[in-house]
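Reading the structure
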Amino acid sequence: MKKLLPLFFVAGSLVTWAKIAYYAPVPPPPAIEEKRGLPPEPADVWIDGYWGYEGGRHVWHAGHWEKPPRPKAQYHKPYWNRKGSQYAFHEGHWK
């Protein structure tokens, strides 16, 4: 078992999780449909807009085109989920 323990920690460190950025007392409104248009560069990826929570209210952050940080990187979009009586916002991230 001792030989497997270091391998377990190495494997676990390769996993990335969407961290909780903050909580809100109410759920976000439905997402807003946005027009994407054409990407500025062929490799650019569309990042959907999302609802954040600032100053005691939900605020829309518009979608945009973004260049991936490295080849084959995938964007995992932000999301909300209920945690008890609050709603947790998980940040989007490249993986």
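What comes next concerns the included structure. (Residues numbered from 1 in each chain as written. Predicted model: local features only at pLDDT ≥ 70, side-chain atom pairs only at ≥ 80, totals over all residues. Heavy atoms only, no water.)

Things to note about the environment of Pro 29
Tracing the chain through its elements places Pro 29 in the loop between β1 (20-24) and β2 (45-47). On the accessibility criterion, Pro 29 (34% relative accessible area) is partly exposed. C-alpha separation for the pair Pro 29 and Trp 51, spaced 22 residues apart in sequence, amounts to 7.4 Å. Ignoring any residue separated from it by four or fewer positions in sequence, one finds Pro 29 in contact with Trp 51 and His 58. (Helix = DSSP H or I, 4+ residues; strand = E, 2+ residues; numbered from the N terminus. Buried < 20%, exposed > 50% of the residue type's maximum accessible area, 1.4 Å probe, protein only. Contact = heavy atoms within 4.5 Å.)

Points about the layout of surface pockets
Roughly 270 Å³ of internal volume is contained in the largest pocket. Considering the residues around the largest pocket, the lining is formed by 19 residues, among which Ala 31, Asp 48, Gly 49, Tyr 50 and Trp 60 are closest to the centre. Breaking the lining of the largest pocket down by element, the ones donating at least two residues are β3 (50-54) and β7 (79-83). Class assignment of the residues belonging to the lining of the largest pocket gives a composition of 13 nonpolar, 1 polar and 5 charged. (1 Å grid on protein atoms, 1.4 Å probe; cavity = no way out; pocket = protein on both sides within 12 Å on 5 of 7 lines; lining within 4 Å. Points joined across faces, edges and corners; volume = space filled by probe spheres on them. Nonpolar A, V, L, I, M, F, W, Y, C, P; charged D, E, K, R; others polar.)

Structural notes on unusual backbone geometry
The phi angle at Lys 72 is positive, at roughly 65°, despite the residue not being glycine. As for its placement among the helices and strands, Lys 72 is situated in the loop between β5 (64-66) and β6 (75-76).

With respect to the pairing of β7
As judged from the 5 bridges shared by β7 and strand β8 (residues 86-90), these two strands associate in the antiparallel manner. Bridging across to β8, Arg 82 finds its partner in Tyr 87. The antiparallel pairing of β7 with β8 creates a hairpin that spans 2 residues between the two strands, and Gly 84 there sits at a positive phi of about 65°. (Pairing = 2+ DSSP bridges.)

Structural notes on the packing of aromatic side chains
Taken as a whole and judged by the stated rule, the model has 7 aromatic pairs. Both rings, one in Tyr 22 and one in Phe 89, keep their centres 5.0 Å apart while their planes meet at 15°; by these two values the pair is stacked. Remark: Phe 89 occurs in strand β8 and Tyr 22 occurs in strand β1; sequence separation between them is 67 residues. What makes Tyr 22 partly exposed here is its relative accessible area of 25%. Ring geometry for Trp 51 against Trp 60: centres 5.2 Å apart, planes inclined by 70°, an arrangement best described as edge-to-face. A connected cluster of aromatic rings, assembled from ring pairs, spans Tyr 22, Tyr 50, Trp 80 and Phe 89. (Phe/Tyr/Trp six-rings, centres within 6.5 Å; stacked < 30°, edge-to-face > 60°.)

Some remarks on the sheet that holds β8
On the basis of which strands lie adjacent, the open sheet formed by 3 strands has the order β1-β8-β7 and antiparallel pairing. Strand pairing shows two members of the sheet lacking a second neighbour, β1 and β7, which therefore form its edges. On average, adjacent strands in this sheet sit at an angle of 30° to one another, irrespective of strand direction. Judged from the 4 bridges that link them, β1 and β8 form a sheet pairing that is antiparallel. Within β8, the residue paired with Tyr 22 across the bridge is Phe 89. (Axes fitted to C-alpha atoms, helices over the stretch in contact; angles between N-to-C directions.)

From the geometry alone we can't say anything about function, so treat these as descriptive.
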